[in-house]
Amino acid sequence: MVLCLTVILFLTLHLLPGMKSSMVNLINNGYDGIVIAINPSVPEDAKLIQNIKEMVTEASTYLFHATKRRVYFRNVSILIPMTWKSKSEYLMPKQESYDQAEVIVANPYLKHGNDPYTLQYGRCGEKGQYIHFTPDFLLNNNNLPIYGSRGRAFVHEWAHLRWGIFDEYNGDQPFYISRRNTIEATRCSTHITGTNVIFKKCQGGSCITRPCRRDSQTGLYEAKCTFIPEKSQTAKESIMFMQSLHSVTEFCTEKTHNTEAPNLQNRMCNGKSTWDVIMNSTDFQNTSPMTEMNPPTHPTFSLLKSKQRVVCLVLDKSGSMSSEDRLFRMNQAAELYLIQVIEKDSLVGMVTFDSVAEIRNNLTKITDDNVYKNITANLPQKASGGTSICRGLKAGFQAIIQSHQSTSGSEIILLTDGEDNEIHLCIEEVKQSGVIIHTIALGPSAAEELETLSDMTGGNQFYANKDINGLTNAFSRISSRSGSITQQTVQLESKALGITGKKWLNGTVPIDSTIGNDTFFVVTWTIQKPEILLQDPKGKKYKTSDFKEDNLNIHSARLRIPGIAETGTWTYSLLNNHASSQMLTVTVTTRARSPTTPPVTATAHMSRNTAHYPSPVIVYAQVSQGFLPVLGINVTAIIETEDGHEVTLELWDNGAGADTVKNDGIYSRYFTDYHGNGRYSLKVHAQARNNMARLSLRQPQNKALYIPGYIENGKIILNPPRPEVKDDLAKAEIEDFNRLTSGGSFTVSGAPPPGNHPSVLPPNKIIDLEAKFKEYHIQLSWTAPGNVLDKGKANSYIIRRSKSFVDLQEDFDNATLVNTSSLKPKEAGSVENFEFKPEPFRIENGTNFYIAVRAINEANLISEVSNIAQAIKFIPMPEDSVPALGTKISAISLAIFGLAMILSIF
């Protein structure tokens, strides 16, 4: 008897909120707190602000009607970059920042098109990360015929971002064969009409088309066949297919949804309509339709101008900080932050606290090395007394205000290892201050309420304990939130090893051509300074005497590479001269080489801040250059518990298991190896070796559909072509690199004590099943799930087939069983291949089967039903006799607006 996992558990998994904090609230049907942030590299343009306002105002009305009078946009903040001139109408931001904005306005890297898109890599129903509009999209009216009005495009993207629904087209599979054995464009709904054509040749101001032919092997239309919609439609749905059509004002509902279409919405949401997913969101569960026929008000806009970065360190020096070298480690990490991480021209202050607090430094502008030394000289040298976090925070506020700065929009880095049951006493003051608090919990006894402070203010949260480099990794992650990636620190190495007496620690660090400015090599030790040898790629050597030791006796030495560091592999060696074993660490940081070329960066986070056993969480790591994904690299997550237990996970970008889309630069994996309760920390190492890394130049997923043209009065009117990306192949190559980043911390509850426990989770759902006929057999392929989600090896598979899509979808267990006795599951992440003959059916031209798979583990737990794959038998005919199905016109003279050659589009 196969046991099914309870629905509740998987609903819990599928509806996990994303880690990115958002200040958006839905109150009385209106969205408040939306932030639209402009990147500092975008030139100042008042028209950009005006067009953003017009877009949101139009979108509010469109959204109101699309949601059947349920929601609209009430308040929106537009965050102006520091690079723009100040104006009297610009207000001071509070916790609004570029990094936390719902919408960002930024130029694409490599001029990679203007498609509005949403960075979205969670499960069905989970919020996305942000919407990306380019300045050209917002300013150039030539985009209006392509995507429709900007307000409509915004609603399409808002649905991705807020409600976790997916597109209803598929650029990789634009056509499919329906259950009626007709070729259909992948769309929702099928009521949207159009013509399928091949563009033959273009001369002067016109082009000739011909009907699409069936491919002799697949039975689908040949490559480059394009669906051109009628400009005039009667269909009202769907916004997630083609919001640009004037008639389209609704989402697909259960009645109009096209369950057959091979699109991401069906694959990710088990064939549910977009409207069903929206109605199940937290936004709509307690929201009723309004009686008004139009939104009650136009959105109101606040213009906020980013301010100079203000950071105050609030550091614990209570008695417990004397244990386990915590004070040393804190000072090492704080010094690294002040010298290597904080951006030039920032204002930095420092407060220390035990049972009382003291301002060690009022805000000081970081201009040169002397300023760093003045601040680091005040790091605490002795630990004593109790712990009063509120007093520390209040002194931090005072340090900021005394320096004639506002706490609003300023940042506090709060580090403590102690318990404090009085944090609640200053919660209201923290709220009123508008400050952003990043919390670093050091050791297992740090106050449980710390995360409340970071969650409430939109700050980061970190945990460090046994990992000696945990603190430096945390500080390295707290960089500017302004969007100026080229100014931010990039961490290349963070290695800590216990080295026995008279032994060497050796390693290499590649420095690629996107980085090399302001490069530091830092070595720390616990007993005695080691002998240090460092060699650059050209053979230049640096010795122990080149590494400057600080004056604070915190066992740290630092070398700043003059100018730009050489590109290539650097080699280091450390000799423990002491007779006893000691802990040696190496940390390497750098910045972008050029202000115009973004460096390769890695960021990481968990799918949520809290986890309750046995519900899994997902580890996410994004590796990119600018907005372009980096593919073909090794990404490893290291998760550490309070007692120092470490779990290492290889993250995958394979479009299976926890990973939504293959080759999108988002590497992910389920985490289920709970080892007791408490705080867990995450760090991620991204590594490119052997020239395997490359940039993905594909257009992103989850975007407004590019429409090549429309049919009007029997003629195809073409839109302007997509911008070309020149020198793709040359620029797509990436050198070898190292990146290390902290993913913050999360808290686990309900976990049993460490030990072997029976599995309570099934294999993960298979989402990439494919099927095709080969002669009279059906060949299947999919990515193997694990014994527990995507870890280990499943025990067996159940494969069923049906002539009816609906029967297989709604009643899997009664569909025809396929004999899988010869099929032995492989390790999770492997490619599975299986072939069977669908007896006793007679296979003839047009024979159509639907197939789905479930996996069973050793505990007899069964996965969800996979995506449903389709296999159609198509017997090739001579090409001249292949019918051109579904084509309404044969040869059309095309009217072309602003286009000399069309072939470049396709």
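Residues numbered from 1 in each chain as written. Predicted model: local features only at pLDDT ≥ 70, side-chain atom pairs only at ≥ 80, totals over all residues. Heavy atoms only, no water.

Enquirer: So, the overall build of the protein: which residues are in play, and what are the values?
Expert: Looking only at helices and strands, the protein has 17 helices and 51 strands in total. In terms of C-alpha radius of gyration, the protein reaches 29 Å, essentially the compact-globule figure of 29 Å for 906 residues. A burial count over the protein gives 58% of its 906 residues as buried. When contacts within the protein are restricted to residue pairs at least 6 apart in sequence, long-range pairs at least 24 apart make up 76% of them. (Helix = DSSP H or I, 4+ residues; strand = E, 2+ residues; numbered from the N terminus. Rg over C-alpha atoms; globule rule 2.2 N^0.38 Å. Buried < 20%, exposed > 50% of the residue type's maximum accessible area, 1.4 Å probe, protein only. Contact = heavy atoms within 4.5 Å.)

Enquirer: Which residues make up the side chain of histidine 156, and what are the values?
Expert: One can find histidine 156 in helix H5 (residues 150–163). The exposure class of histidine 156 is buried, given its relative accessible area of 0%. With residues up to four places along the chain from it excluded, the contact list for histidine 156 reads Asp167, Ile239, Met240, Gln243, Lys703 and Ala704.

Enquirer: Now, about the sheet that holds strand S36 (residues 646–651): what can you tell me, with residues and values included?
Expert: Within a sheet, neighbouring strands are paired by backbone hydrogen bonds and run either parallel or antiparallel to one another. Read across the open sheet, the five strands follow the order S32-S42-S38-S35-S36; overall the sheet is mixed. Only two strands of the sheet have a single neighbouring strand rather than two, namely strand S32 (610–612) and S36. Across this sheet, the average inter-strand angle for adjacent strands is 30°, counted without regard to direction. As judged from the seven bridges shared by strand S35 (residues 634–640) and strand S38 (residues 678–688), these two strands associate in the antiparallel manner. Each bridged residue has a counterpart across the sheet, and for valine 635 the counterpart in S38 is alanine 686. With respect to the sheet, helix H15 (residues 470–477) is in contact with S38 and strand S42 (737–749), its orientation differing from that of S42 by roughly 105°. (Pairing = 2+ DSSP bridges. Axes fitted to C-alpha atoms, helices over the stretch in contact; angles between N-to-C directions.)

Enquirer: So what about the side chain of glutamine 582? Which residues, and what values?
Expert: Secondary-structure assignment places glutamine 582 in strand S30 (residues 582–592). For glutamine 582, the side chain forms a polar contact with the side chain of asparagine 576, separated by 2.8 Å. (Polar contact = N/O pair within 3.5 Å; in protein donor to acceptor, adjacent residues only side chain to side chain.)

Enquirer: Describe the environment of threonine 641, naming the residues involved and giving the relevant values.
Expert: Following the sequence through the fold, threonine 641 ends up in the loop between S35 and S36. Linking threonine 641 and histidine 191, residues 450 residues apart in sequence, is a C-alpha distance of 54 Å. Setting aside chain neighbours within four positions, we find threonine 641 in contact with Tyr463, His675, Arg679 and Tyr680.

Enquirer: Pulling in residues and values, what's your account of the sheet that holds strand S3 (residues 30–32)?
Expert: Read from one edge to the other, the open sheet built from three strands follows the order S2-S3-S5, with strand pairing classed as mixed. Looking at which strands have only one partner, the edges of the open sheet turn out to be strand S2 (25–27) and strand S5 (72–73). Pairing analysis gives three bridges linking S2 to S3, with the strands arranged antiparallel. Looking at S3, one finds that isoleucine 27 is bridged to glycine 30.

Enquirer: So what about the packing of helix H10 (residues 326–341) against helix H11 (residues 369–376)? Which residues, and what values?
Expert: In contact at an axis separation of 10 Å, H10 and H11 are set at 160° when each is read in the N-to-C sense. One way to sum up the angle between H10 and H11 is to call them roughly antiparallel. Remark: the crossing between H10 and H11 carries right-handed chirality. Where H10 approaches H11, its residues Glu335, Leu338 and Ile339 are matched on the opposing element by Tyr372, Ile375 and Thr376. (Parallel < 35°, antiparallel > 145°, perpendicular 65-115°, else oblique. Left-handed = near helix turned anticlockwise from the far one by under 90°.)

Enquirer: Account for the packing of aromatic side chains, with residues named and values stated.
Expert: By the definition in use, this model includes 27 aromatic pairs. Measuring from ring centre to ring centre gives 6.0 Å for tyrosine 31 and phenylalanine 73, while their planes differ by 40°; the resulting arrangement is tilted. On the criterion of sequence distance, the pair formed by tyrosine 31 in strand S3 and phenylalanine 73 in strand S5 is long-range, its members being 42 residues apart. By relative accessible area, which is 0% here, phenylalanine 73 ends up buried. Ring plane angle 80° and centroid distance 6.1 Å describe the contact between tryptophan 163 and phenylalanine 251, whose orientation is recorded as edge-to-face. (Phe/Tyr/Trp six-rings, centres within 6.5 Å; stacked < 30°, edge-to-face > 60°.)

Enquirer: Describe in detail H15, supporting the description with residues and values.
Expert: Summarising burial for H15: seven of the eight residues are buried, a large majority. Those residues of H15 not exposed but buried are Gly470, Leu471, Thr472, Asn473, Ala474, Phe475 and Ser476.

Enquirer: Which residues make up the pattern of salt bridges, and what values do they have?
Expert: Scanning the entire structure with this criterion turns up 25 salt bridges. Among the salt bridges present, the one from glutamate 335 reaches arginine 558, with a minimum N-O distance of 3.3 Å. In this pair, glutamate 335 is assigned in helix H10 and arginine 558 in strand S28 (residues 556–560), connecting sequence segments 223 residues apart. Here glutamate 335 falls in the buried class, since its relative accessible area comes to 3%. For glutamate 429, the salt bridge is made with lysine 394, and the minimal N-O distance between the two is 3.7 Å. Of this pair, glutamate 429 sits in helix H13 (residues 427–433) while lysine 394 sits in helix H12 (residues 389–402); the two residues are 35 residues apart in sequence, bridging distant segments of the chain. By relative accessible area, lysine 394 is classed as partly exposed at 39%. (Salt bridge = Lys/Arg side-chain N within 4 Å of Asp/Glu carboxyl O.)

Enquirer: Tell me about the packing of H10 against H15, residues and numbers included.
Expert: Two numbers describe how H10 lies on H15: the axes approach to 9 Å, and their chain directions differ by 30°. Accordingly, the angle class assigned to the pair H10 and H15 is roughly parallel. Taken as a pair, H10 and H15 cross one another with a handedness that is right-handed. Contact with H10, carried on its side by Arg329, Met330, Ala333, Ala334, Leu336, Tyr337 and Val341, involves Leu471, Thr472, Phe475 and Ser476 of H15 and no other residues of that element. Split by residue class, the contact of H10 with H15 holds eight nonpolar, two polar and one charged. (Nonpolar A, V, L, I, M, F, W, Y, C, P; charged D, E, K, R; others polar.)

Enquirer: Describe the state of the cysteines, and please don't skip the residues or the numbers.
Expert: Per the stated rule, a full pass over the model turns up four disulfides. The side chain of cysteine 124 participates in a disulfide bridge whose partner is cysteine 269; the two sulfur atoms lie 2.1 Å from each other. On the sign convention where negative is left-handed, the bridge of cysteine 124 and cysteine 269, at about 105° about the S-S bond, is right-handed. In this pair, cysteine 124 sits in the loop between strand S8 (117–119) and strand S9 (130–133) while cysteine 269 sits in the loop between helix H7 (264–268) and helix H8 (274–279), placing the two residues 145 residues apart along the sequence. When sorted by exposure, cysteine 124 lands in the same class as cysteine 269, which is buried. With a sulfur-sulfur separation of 2.0 Å, cysteine 212 is cross-linked through a disulfide to cysteine 225. Given an S-S torsion of about 95°, the disulfide between cysteine 212 and cysteine 225 has right-handed geometry. On the criterion of sequence distance, the pair formed by cysteine 212 in the loop between strand S13 (206–211) and strand S14 (226–229) and cysteine 225 in the loop between S13 and S14 is long-range, its members being 13 residues apart. Overall, the relative accessible area of 0% leaves cysteine 212 in the buried class. With a relative accessible area of 8%, cysteine 225 lands in the buried category. The thiol of cysteine 312 is unpaired, and the distance to the nearest cysteine sulfur, on cysteine 426, comes to 14 Å. (Disulfide = S-S within 2.5 Å.)

Enquirer: I'd like a description of H12, backed by residues and values.
Expert: Here H12 is 14 residues long and its end C-alpha atoms lie 20 Å apart, about the 20 Å a rise of 1.5 Å per residue gives. Taken together, the buried positions of H12 are occupied by Ile389, Cys390, Gly392, Leu393, Ala395, Gly396, Phe397, Ala399 and Ile400. Two residues or fewer past H12, histidine 404 is found with a positive phi of approximately 60°. (Expected span 1.5 Å × (residues − 1).)

Enquirer: Pulling in residues and values, what's your account of unusual backbone geometry?
Expert: Of the consecutive residues tyrosine 613 and proline 614, the connecting peptide bond is found in the cis state with omega at 5°. Tracing the chain through its elements places proline 614 in the loop between S32 and strand S33 (617–625). A cis amide bond, omega 5°, links glutamate 839 with the succeeding residue proline 840. Inspection of the secondary structure assignment puts proline 840 in the loop between strand S47 (831–836) and strand S48 (848–856). Here the phi dihedral of histidine 555 falls at roughly 55°; this positive angle occurs in a residue that is not glycine. Of note, histidine 555 is situated in the loop between strand S27 (548–549) and S28. Given a relative accessible area of 16%, histidine 555 falls into the buried group. Residue asparagine 690 is not a glycine yet carries a positive backbone phi of 60°. On the secondary structure map, asparagine 690 appears in the loop between S38 and strand S39 (694–695).

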